[in-house]
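One letter stands for each residue in the lines below.
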2 protein chains.
Amino acid sequence: MQRVIWATVLAFAIAMVLGPVVIPWLKKMKFGQTIYELGLESHKVKQGTPTMGGVIFAVPMIIVPILFSTADQRWSFLPMALVSTLGFGLVGFVDDYIKVSKKRSLGLTPMQKIVPQVVISLVLAIWAYCTPQIGSALIVPFTDKTWDLGLFYIPVMMFVLVGTVNSANLLDGVDGLLSGCSLIDFATMALVCVALGAANPENAGNMTNMMVFCGAAAGGILGFLRFNTYPANVFMGDVGSFTIGGALVAVAMVTRTALLLPMIALAMLVSSLSDIIQVGYFKYTKKKTGAGKRVFRMAPLHHHFEKGGMPETRIVSMYMSVTALLCLIALTMFF
Amino acid sequence: MQRVIWATVLAFAIAMVLGPVVIPWLKKMKFGQTIYELGLESHKVKQGTPTMGGVIFAVPMIIVPILFSTADQRWSFLPMALVSTLGFGLVGFVDDYIKVSKKRSLGLTPMQKIVPQVVISLVLAIWAYCTPQIGSALIVPFTDKTWDLGLFYIPVMMFVLVGTVNSANLLDGVDGLLSGCSLIDFATMALVCVALGAANPENAGNMTNMMVFCGAAAGGILGFLRFNTYPANVFMGDVGSFTIGGALVAVAMVTRTALLLPMIALAMLVSSLSDIIQVGYFKYTKKKTGAGKRVFRMAPLHHHFEKGGMPETRIVSMYMSVTALLCLIALTMFF
């Protein structure tokens, strides 16, 4: 436990040091967010706030787990988590970089985004499938059972990987929202790793390393929140949201707790679902009646609340409270 | 562990139900805060926001631990914690009630506040001293030792009790500040109780009950935060801050971890210290040079940051991050 606490503290410290170095540099390089033209009126004031701040927590998220890993089983789960974090993070980085350097709000084309994501997911899903401590079974929440998917594990896990990463990306729309919710998720997953490590001593090294990985993520994000809390000095950008998504889903994959994600990461899930419902219903009604109708004032869901007049700070507080409660309930499974 | 999680969830639910009932009622009864006239200019807009919202978490903090307590050792630590919470909370309630009903920003006179506080503290300190599982020794942080104060335990503990309660009161000056920081404190103390219960099975019932007590406090406060986050719909008032202070210090007292308070509740301590330094230095310089000088732009410290132009939300985020880090480091003692 001491190991994970010190990893968290160090990751926080690195983020605190990086912030005051990276933010002025991003500003100077004019890495300001070009706010989506069709977006919220109130967000126009955010034009010029630098983006790509995700590097502030991405750096400690990669370095600290390596420094604090135990030699025991070092080459098993941890490399998978790091590849997922770095791989998806890199896609986000390229997307951000294009947006910023070309001064437009759309970076990579949808195809250019999805193809590398699918490739990374395929690699990770096969890697997990072939790793003896993971295999093709998932823990079924709130039961003692596992659900063996056999070869279907690979496409299902690919869907989970791509889905989570893009849902994290969608949740990043209000100051401190994704950072706050994912902070709670990583803290929860650290505790899940504690329980799983205690339950299966043969896998203890792996679980210690994943615990440290989660701690570093939580610490780095906590440090980043210092700069990202409303009113934000910096946005995380796609590099940030993809890094968070990649890290979180990797932990769920290696701990076989992917079926827990809809619960602990419900905030991400509703962002995706609300977007899908909004677009789907609009297209359906447009086809049927000629005029497209909307279910939400705006999608993803957090913008629906925002357009309804709820202050950004209160949206974040609401999402974080619900996430904390769901995470607590999820933990009853393990303790 | 399941017990504490469900206690937290229930306390949260009660607070969520109470909020929409209590807040409109407080508004209707015109229990609005009369903002201190010498205070911050920016706080004048807060005139009319209802106060005494602390009842929203005070109710679950009292009810839930009773419901979820284990029969084993029920009549030992828990009654002490409840007396401290209710006793100090009541002083705050009376203070608030006078302020509100007389429409002035000062309620009880300093003497009327301090005398009942001292009486409650005396009762609690003697009670703890005479309880076999507590006694006159304190755990010395980061060592295996305890420090036996003998009869001095009583005045020292009285100072800790009165000091903590009033420090909590001073920290309550920015939307979500005391609620946010104390939420982390209670979560930490719940984990401390887990460790202490495991280390000393003879005291396990007591520690389970204190764990549940901390969980209920954290859950209730999390629910309250829904309404207290910037921009606040309701303030907790003295009834809230005294309840929180009384509950937190009671947990520290019965678990013999009072020496840990300066670390985990540093935010409260610096509020008191900055106030004492400000007033002391002002009086000293006034006597010496004729003109009083100030160390801080305004005391307590959070107002110093606020006058320096830091947004309220960022002050809360900073205080909560530092509290979380210190709490994590404190936990290395126990895990």
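One can find the structure itself at the top, above this paragraph.
Residues numbered from 1 in each chain as written. Chains lettered and ligands numbered in written order. Predicted model: local features only at pLDDT ≥ 70, side-chain atom pairs only at ≥ 80, totals over all residues. Heavy atoms only, no water.

All names here are of chain A. Axis separation between helix H6 (residues 177-199) and helix H7 (residues 204-228) bottoms out at 8 Å; the angle between their running directions is 160 degrees. In terms of axis orientation, H6 runs roughly antiparallel to H7. As H6 runs across H7, the sense of the crossing is left-handed. Across from Ser179, Gly180, Ser182, Leu183, Phe186, Ala187, Met189, Ala190, Cys193, Val194, Leu196 and Gly197 in H6, the residues of H7 making contact are Ala204, Met207, Met210, Met211, Cys214, Ala217, Ala218, Ile221, Leu222, Phe224, Leu225 and Asn228. Class assignment of the residues belonging to the contact of H6 with H7 gives a composition of 19 nonpolar, five polar and no charged. (Axes fitted to C-alpha atoms, helices over the stretch in contact; angles between N-to-C directions. Helix = DSSP H or I, 4+ residues; strand = E, 2+ residues; numbered from the N terminus. Parallel < 35°, antiparallel > 145°, perpendicular 65-115°, else oblique. Left-handed = near helix turned anticlockwise from the far one by under 90°. Contact = heavy atoms within 4.5 Å. Nonpolar A, V, L, I, M, F, W, Y, C, P; charged D, E, K, R; others polar.)

Our next topic: the interface of chain B and chain A. With 29 residues of chain B at the contact, the number on the chain A side is 29 residues. Between chain B and chain A the total buried area reaches about 2,800 Å² when both faces are included, carbon and sulfur atoms providing 70% of it. Inspection of the region where chain B meets chain A yields zero salt bridges. Applying the counting criterion to the chain B and chain A interface returns 10 residue pairs in polar contact (both at pLDDT 80 or more). Secondary structure elements with two or more residues in the side of chain B that touches chain A: helix H1 (2-28), helix H7 (204-228) and helix H12 (312-331) of chain B. Broken down by element, the side of chain B that touches chain A gets its largest block of residues, 10 residues, from H12 of chain B. Class assignment of the residues belonging to the side of chain B that touches chain A gives a composition of 19 nonpolar, eight polar and two charged. (Buried area = accessible area lost by both parts, 1.4 Å probe. Salt bridge = Lys/Arg side-chain N within 4 Å of Asp/Glu carboxyl O. Polar contact = N/O pair within 3.5 Å; in protein donor to acceptor, adjacent residues only side chain to side chain.)

The next thing to look at is the relation of the copies chain B and chain A. For these two chains of identical sequence, chain B goes onto chain A by a turn of 180 degrees and a shift of 0.0 Å along the axis, with RMSD 0.0 Å. As the rotation angle and translation indicate, the two copies are arranged about a two-fold axis. Within chain B, Thr313 of chain B has its C-alpha nearest the rotation axis, a separation of 4.0 Å. Same-surface contact between copies: 100% of interface residues of chain B are shared with the interface of chain A. (Least-squares fit on C-alpha atoms with pLDDT ≥ 70 in both.)

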